Amino acid sequence: ALQLARIIFTFTVEKTGRHSDEIWGYGLANSYYKPYLFMTNDEETDTYANEWVDSQVFTDYITVGEEDRFAYDSVLSNMKIDSHPPLFYLALHTVSSIFQGTYSLWYGFAIGLVCFVILEIYLFKLGRFLTKSNLWGLLLVAFYGFSIGALNTYIFVRQYSMVTMFAGMLIYYHARVMFAKEKKELRNSLIMLAVSTAGGCLTHYYFLVYAFMHAAVFFVWFALKKQGKKLLSYSLVMLGSVLVTFTISGAGEMLGLTGGPDLSGGQEVEKYLIAGSGIFSALLGMVSSVTDILYDPFFDKSFNTILDCVLYDLFGIDIDPALPYWLIHGVLIVGLIGLFLVLAAWAIAANSKDYEGRLYKGSVKLVGQLKKINAFQLLILAYALAVTFEHYIVIGFSSPMIMGIHTNRYIFMTYPAICLIFMLVTKKLVERVMGFAKQRKEKNSDNTQKKEEVLGGNGVIVVTATIMLALGILNNICSESTYLFKRVENPVMLEEAVKGRDVIMSLSDHWLMV
């Protein structure tokens, strides 16, 4: 309730401006067979340029007319011309049709609020499922739900709130599939996994990348473990879900390869599609485009921008994307090496009676543990790889250098998984530290043992919660929402200033008309 109240307050009170994409979304959902206000559907000719335009034209673009209610065929047509899958716009059109002839940003915002509630339910279930404790589920919900990243996701009225919900469902049902032991449990989890995958792919094409990396890791795992039946069922579900989305959206639009006036990625693949070489050649072109990302001369700055989005939105840490590539990554590498050495020292000290040869023994033990990776560790690895690959694709197929911090919209869907990984890693580190301290103590009495048992149980969540609370507070103090679009102090209310008057708009680009 507190999280919902905060999001609603921020949206209604603090957010005073609108992003062009928010208005554009209403046009894509509600304009009857005309996705663009500023040009023809073939994207060849500008419209409403150098002429007087009645204000009703703009109203008709973002609202549903009496004869256009529930015109889902129009929405699908608009989305095939544009570069986005249709599910969010179908939902927005439904709400707008109920309130026919009117416009309010609340229509799309309300959809986002529903998505937020559903996501939080799934995050709680996921945290509880993986830790066998309600407390950890609540901690995960609190850490994500009160973050600036979550706030940004739901006050920005676009499809990112919906795709983030499906991303949360995806990681939950992957966990259920991984640990399913009974046929009924596996069947139900696979059905919901299919819903999650299809829903996400029908909401934003970047979700396809996110789902693909999960599928790749799970496919290899089930194959190595010789779980043939589960492998077959899982593969059919994931492949079937994607084929359904291709059928509804069209392969080109689904992959984000065709359509849209300002599409920044996929031109290499579009070339293959236009040439009539078929989807297979198009996919080969996509592979080529993906590998070319590494050779982008601005890759380092784009990478730093994405890293800044994550750190700023979730942890309150702001880095300068212009900092040297080697400096940022040098700090990260040194930190990881230091963390590894600390963990190695704990493991060695806890498992060696003397100090001779501890480094060697610790290294051998570490290699042995890597060979014995279990299903839980594999699941976390799948989450981490999916997040990493998603960010990599966003670097190459969007424009981080131009969009800056607003590139974060494309990685909102990864924030729940990042929060989960952070919580579980922190939990594990705290357990290691407290376990080491416990083993080093001399147990002189029953009372001492009792205190240590309490410390090892409730103490872990207390310490972990304290760390996450501190970071959450830092996040809210040092970061602010990047989707408020606040007007200047004592603003001239443009709506009132132009009411009933003829206005000349001078625009640097035709799409700014929205």
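Numbers given for residues are sequential positions, taken from 1 along each chain in its written order. Local features in a predicted model are, by the rule used here, given only for residues with pLDDT of at least 70; side-chain atom pairs are given and counted only at 80 or more, and totals for whole chains, interfaces and linings are based on all residues. Hydrogens are left out, water is left out, and the side-chain values use all remaining heavy atoms of the structure.

This brings us to the overall build of the protein chain. Across its full length, the protein chain holds 23 helices and 0 strands. Among the 514 residues that make up the protein chain, the fraction classed as buried is 46%. Within the protein chain, contacts between residues separated by at least 24 positions form 75% of all contacts whose residues are at least 6 apart in sequence. Accessible areas in this description were obtained via Shrake-Rupley with a 1.4 Å probe; residue shielding takes into account the shown protein chains only. For the protein chain, the computed accessible surface area is about 25,900 Å², with 64% contributed by carbon and sulfur atoms. Numbering of helices and strands runs from the N terminus; a helix is a DSSP stretch of H or I covering at least four residues, while a strand is a stretch of E covering at least two. Relative accessibility decides the category of a residue: with a 1.4 Å probe and only protein chains considered, values under 20% of the type maximum give buried, values over 50% give exposed, and everything between is partly exposed. We call two residues in contact whenever any of their non-hydrogen atoms come within 4.5 Å of each other.

This part is about a nonpolar patch on the surface. Taken together, the side chains of Val498, Val503, Met505, Leu507 and Leu512 define a hydrophobic patch exposed on the protein surface, amounting to about 380 Å² of accessible area. Relative to the assigned elements, leucine 512 resides in the segment after α23 (494–498). Patch criteria: residues need more than 30% relative accessible area and no salt bridge. Like-charged residues are merged within 9 Å; nonpolar side chains of Val, Leu, Ile, Met, Phe, Trp and Tyr are merged within 5 Å. For this analysis, a salt bridge means a side-chain nitrogen from Lys or Arg found within 4 Å of a carboxyl oxygen belonging to Asp or Glu.

Attention now moves to the nonpolar core. Each nonpolar core is a collection of buried residues, namely Ala, Val, Leu, Ile, Met, Phe, Trp, Tyr and Cys, held together in the definition by side-chain atoms within 4.5 Å. Among the nonpolar cores identified, the biggest contains 123 residues, and Tyr144, Phe207, Tyr210, Tyr234, Tyr383 and Tyr415 are the most heavily contacted of them. The element that contributes the greatest number of residues to this core is helix α9 (residues 160–179), accounting for 14 residues. Once residues lying within four places of it in the same chain are set aside, the contact partners of tyrosine 144 are Phe116, Leu119, Glu120, Leu123, Ala150, Thr153, Tyr154, Thr164, Tyr415, Pro416 and Cys419.

Scored from 0 to 100, pLDDT records how confident the predictor is in each individual residue. Looking at the protein chain as a whole, the pLDDT averages 81, with 75% of positions reaching at least 70. Across residues 256–279, confidence stays below pLDDT 50; counting only partners more than four residues off in sequence or on other chains, it has 59 contacts. Counted against residues more than four places away or in other chains, residues 442–456, with its pLDDT under 50, gives 10 contacts.

Its 19 residues give helix α11 (residues 206–224) an end-to-end C-alpha distance of 28 Å, which sits within 8% of 27 Å, the value for a rise of 1.5 Å per residue. Positioned one or two residues after α11, lysine 226 has a phi angle of 55°, which is positive. A helix is expected to span 1.5 Å multiplied by its residue count minus one.

With that out of the way, let us pick up the pattern of salt bridges. One pass over the structure, following the stated rule, counts 4 salt bridges. Taking the shortest distance from any N to any O, the salt bridge between glutamate 185 and arginine 176 comes out at 3.2 Å. Taking relative accessible area as the criterion, glutamate 185 reaches 21% and is therefore assigned partly exposed. Among the ionic pairs, lysine 427 bridges to glutamate 431, the shortest N-O distance being 2.8 Å. Remark: glutamate 431 and lysine 427 occur in helix α21 (residues 415–440); sequence separation between them is 4 residues, near one turn of the helix. Residue classification places glutamate 431 among the partly exposed residues on the basis of a relative accessible area of 28%.

The criterion for an aromatic pair is that two Phe, Tyr or Trp rings (for Trp, the six-membered ring) have centres within 6.5 Å, with stacked assigned to planes under 30 degrees apart, edge-to-face to planes over 60 apart and tilted to the rest. According to the stated counting rule, one finds 31 aromatic pairs in the structure shown. Measuring from centroid to centroid gives 5.1 Å for tyrosine 205 and tyrosine 206, while their planes differ by 85°, and the two rings are edge-to-face. Neither tyrosine 205 nor tyrosine 206 differs from the other in exposure class; each is buried. Grouped by ring-pair contacts, the aromatic residues Phe156, Tyr160, Tyr205, Tyr206, Tyr410, Phe412, Tyr415, Tyr483 and Phe485 constitute a single cluster. Placement of a positive charge over a ring is assigned whenever Lys NZ or Arg CZ falls within 6 Å of the ring centre and within 35 degrees of the normal to the ring plane. Between arginine 409 and the ring centre of tyrosine 410, over which it is positioned, the NZ or CZ distance is 5.9 Å.

Moving on to the packing of helix α2 (residues 20–30) against helix α3 (residues 55–62). Their axes nearest at 6 Å, the elements α2 and α3 cross at an angle of 75°. With respect to α3, the element α2 is oriented roughly perpendicular. Facing α2, whose interface residues are Ile23, Trp24, Tyr26, Gly27, Leu28 and Asn30, α3 presents Asp60, Tyr61 and Ile62. Classification convention: Asp, Glu, Lys, Arg as charged; Ala, Val, Leu, Ile, Met, Phe, Trp, Tyr, Cys, Pro as nonpolar; all other residues, Gly among them, as polar. The residue makeup of the contact of α2 with α3, split by class, is 6 nonpolar, 2 polar and 1 charged. Only C-alpha atoms enter the line fits that serve as axes; for helices the fit covers just the stretch in contact. Angles between N-to-C directions range over 0 to 180 degrees. In this scheme, roughly parallel covers angles under 35 degrees and roughly antiparallel covers those over 145, while 65 to 115 is roughly perpendicular and the rest are oblique.

Here serine 302 shows up in helix α16 (residues 299–315). Among the residues examined, serine 302 registers a relative accessible area of 4% and is labelled buried.

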